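Chain and residue survey
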Amino acid sequence: MPITIKSAREIELMTEAGRILEIVHDELAKSLHPGMSTMDIDQLGEEVIRSYGCIPSFLDYNGYPASICVSVNDEVVHGIPDRHRILQDGDVVSLDAGVIYKGYHSDAARTYGIGEISKEAEDLIKVTRESFFEGIKYAKEGNYLFDISAAIGRYASERGYGVVRDLCGHGIGTALHEAPEIPNYEMNRKGVKLKSGMTLAIEPMINAGTWEVDWLDDDWTVVTRDHSLSAHYENTVLITDNEPKLLTLSK
Ligand code: MF3
Ligand code: CO
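Residues numbered from 1 in each chain as written. Chains lettered and ligands numbered in written order. Predicted model: local features only at pLDDT ≥ 70, side-chain atom pairs only at ≥ 80, totals over all residues. Heavy atoms only, no water.

We now examine the UniProt feature "binding site: a divalent metal cation 2" (unreviewed entry) in the protein chain. Mapped onto the present numbering, the UniProt feature "binding site: a divalent metal cation 2" (unreviewed entry) falls on Asp-107, His-170, Glu-203 and Glu-234. Annotated residues spanning 128 residues; largest pairwise C-alpha distance 10.6 Å, indicating a single compact cluster. The class for Glu-203 is buried, based on a relative accessible area of 7%. Apart from residues lying up to four places away in sequence, Glu-203 is in contact with Asp-96, Asp-107, Cys-168, Gly-169, His-170, Asn-184, His-232, Tyr-233 and Glu-234. (UniProt positions renumbered as here; feature names shortened; annotations may be inferred. Buried < 20%, exposed > 50% of the residue type's maximum accessible area, 1.4 Å probe, protein only. Contact = heavy atoms within 4.5 Å.)

Okay, structure coming up:
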């Protein structure tokens, strides 16, 4: 599949999809507290998404059973909400959400600490977020896709973290996953040339220990092989001939 270049109208719709998803994440962030279940997060998320007339894009995607991916501690991504999974003080929780607004997708993830978390956890969350911002320094027309990948990977691995290789970011638009795939590590080649109007979901997944991951028997939940903590940070990004526009992060 070729990489789609969005028209001005499509960018308007994706901007609105992004704005709504940002509100969803803000509402989820405010709700987090020890004692709540990961299912409570999913229910609130779905409610907020639908209250804006949007569809939760993850629900039923390849059979995924929920609207919000909730991944706790050694879970990297795609954790399945569960009413028996209760958040505890000290947990590290990654929330990944996507919405469809008038046929256009946005996709974003955030990682939070519940109550008091360890210095190790704080640093992991911070470096994961920073690696995204390091990557998007290169997200500009005329640069190459894998400039972004290399910058993310370098930033996190230089600081001693494991950079997940089994999952990537992606193009996004009328589908949740469009071309191109966006690895979070050095590719030793350039990749496609970035063009104004491309929309990309850039999403570093960073582990405190090894980069290696496993899939649980539910076939969704990805966990770190060494059970070290993991963090995830993602925004939907519009490439322009100048600074990239973060469609899911206006502030
Ligand atoms: N942000 C993730 C991704 O890009 C979430 C989608 S997984 C789903 O792959 F299956 F739950 F939708
Ligand atoms: Co994504």
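Pairing in this open sheet of three strands is antiparallel, and the strands run S6-S10-S13 from one edge to the other. Edge positions in the sheet fall to strand S6 (162–163) and strand S13 (230–232), since each has one partner strand and no second. Two elements, strand S10 (residues 205–207) and S13, share three bridges in a ladder whose sense is antiparallel. The residue of S13 that forms the bridge with Asn-207 is Ser-230. Strands in contact with helix H3 (residues 119–136) are S10 and S13; relative to S13, the strand with the most contacts, it is inclined by about 35°. (Pairing = 2+ DSSP bridges. Helix = DSSP H or I, 4+ residues; strand = E, 2+ residues; numbered from the N terminus. Axes fitted to C-alpha atoms, helices over the stretch in contact; angles between N-to-C directions.)

This part is about the coordination of the cobalt ion (ligand 2). Surrounding the cobalt ion (ligand 2) are the protein donor atoms Asp-107 (OD), His-170 (NE2), Glu-203 (OE) and Glu-234 (OE), which sit 2.1 to 2.2 Å from the metal. What the six donor atoms of the cobalt ion (ligand 2) show is an angle range of 64 to 169° at the metal, which sorts the shape as irregular. (Donors = N, O, S within 2.8 Å, 3.2 Å for Na, K, Ca; no water. Tetrahedral: all angles 85-135°; square planar, octahedral: opposite > 155°, others 65-115°.)

All right, on to the UniProt feature "binding site: a divalent metal cation 1" (unreviewed entry) in the protein chain then. Residues annotated by UniProt as "binding site: a divalent metal cation 1" (unreviewed entry) correspond here to Asp-96, Asp-107 and Glu-234. Spatial clustering of the annotated residues is evident: they stretch over 139 residues in sequence, but the largest pairwise C-alpha distance comes to 8.0 Å. As for its position among the elements, Asp-96 is in strand S4 (residues 92–101). Excluding its chain neighbours within four sequence positions, the residues that come into contact with Asp-96 are Phe-58, Ser-67, Ile-68, Cys-69, Asp-107, Ala-108, Ala-109, Glu-203, His-232 and Glu-234. For Asp-107, the position within the fold is in strand S5 (residues 104–113).

This part takes up the site of ligand 1. Taken together, 13 residues are adjacent to ligand 1, and Asp-96, Asp-107, His-170, His-177 and Glu-203 come closest. Within the contact set of ligand 1, a nitrogen atom lies 3.1 Å away from a side-chain nitrogen or oxygen of Asp-107. The side chain of His-170 places a nitrogen or oxygen atom 2.7 Å from an oxygen atom of ligand 1. When the free accessible area of ligand 1 is taken as 330 Å², the share hidden by the protein chains comes to 95%. Grouping the amino acids of the shell around ligand 1 by side-chain chemistry returns six nonpolar, three polar and four charged. (Near = heavy atom within 4 Å. Polar contact = N/O pair within 3.5 Å; in protein donor to acceptor, adjacent residues only side chain to side chain. Areas by Shrake-Rupley, 256 points an atom, 1.4 Å probe, with all protein chains shown as cover. Nonpolar A, V, L, I, M, F, W, Y, C, P; charged D, E, K, R; others polar.)

This next bit is on unusual backbone geometry. Cis geometry is found at the peptide bond from Ala-179 to Pro-180, where omega equals 0°. Positionally, Pro-180 belongs in strand S8 (residues 178–182). In the Ramachandran plot, Asn-62 falls in the positive-phi region, its phi being about 50° despite a non-glycine side chain. You can see Asn-62 is positioned in the loop between strand S1 (55–56) and strand S2 (68–72).

Moving on to the nonpolar core. Of all hydrophobic cores here, the largest spans 35 residues; its most connected members are Val-24, Leu-32, Ile-41, Ile-68, Val-70, Leu-87 and Leu-95. Broken down by secondary-structure element, the contributors of at least two residues to this core are helix H1 (8–31), helix H2 (38–51), S2, S4 and S5. Among the elements that make up this core, the one with the highest residue count is H1 (seven residues). Counting 33 residues, the second-largest nonpolar core is a separate cluster that includes Ile-182, Tyr-185, Met-198 and Leu-246. (Core = buried A, V, L, I, M, F, W, Y, C linked by side-chain atoms within 4.5 Å.)

Two elements in contact, H1 and H2, have axes whose closest approach is 9 Å; the angle formed by their N-to-C orientations is 150°. In terms of crossing hand, the pair formed by H1 and H2 is right-handed. Where H1 approaches H2, its residues Val-24, Glu-27, Leu-28 and Ser-31 are matched on the opposing element by Ile-41, Leu-44, Gly-45, Val-48 and Ile-49. Residue composition of the contact of H1 with H2, grouped by class: six nonpolar, two polar and one charged. (Left-handed = near helix turned anticlockwise from the far one by under 90°.)

Moving on: the pattern of salt bridges. In this structure the tally under the stated criterion is 15 salt bridges. Close ionic contact of Arg-9 with Glu-12 constitutes a salt bridge, the shortest N to O distance being 2.8 Å. Here Arg-9 and its partner Glu-12 are both found in helix H1, three residues apart, which amounts to about one turn of the helix. Its relative accessible area of 47% is what places Arg-9 among the partly exposed residues. What makes Glu-12 partly exposed here is its relative accessible area of 48%. (Salt bridge = Lys/Arg side-chain N within 4 Å of Asp/Glu carboxyl O.)

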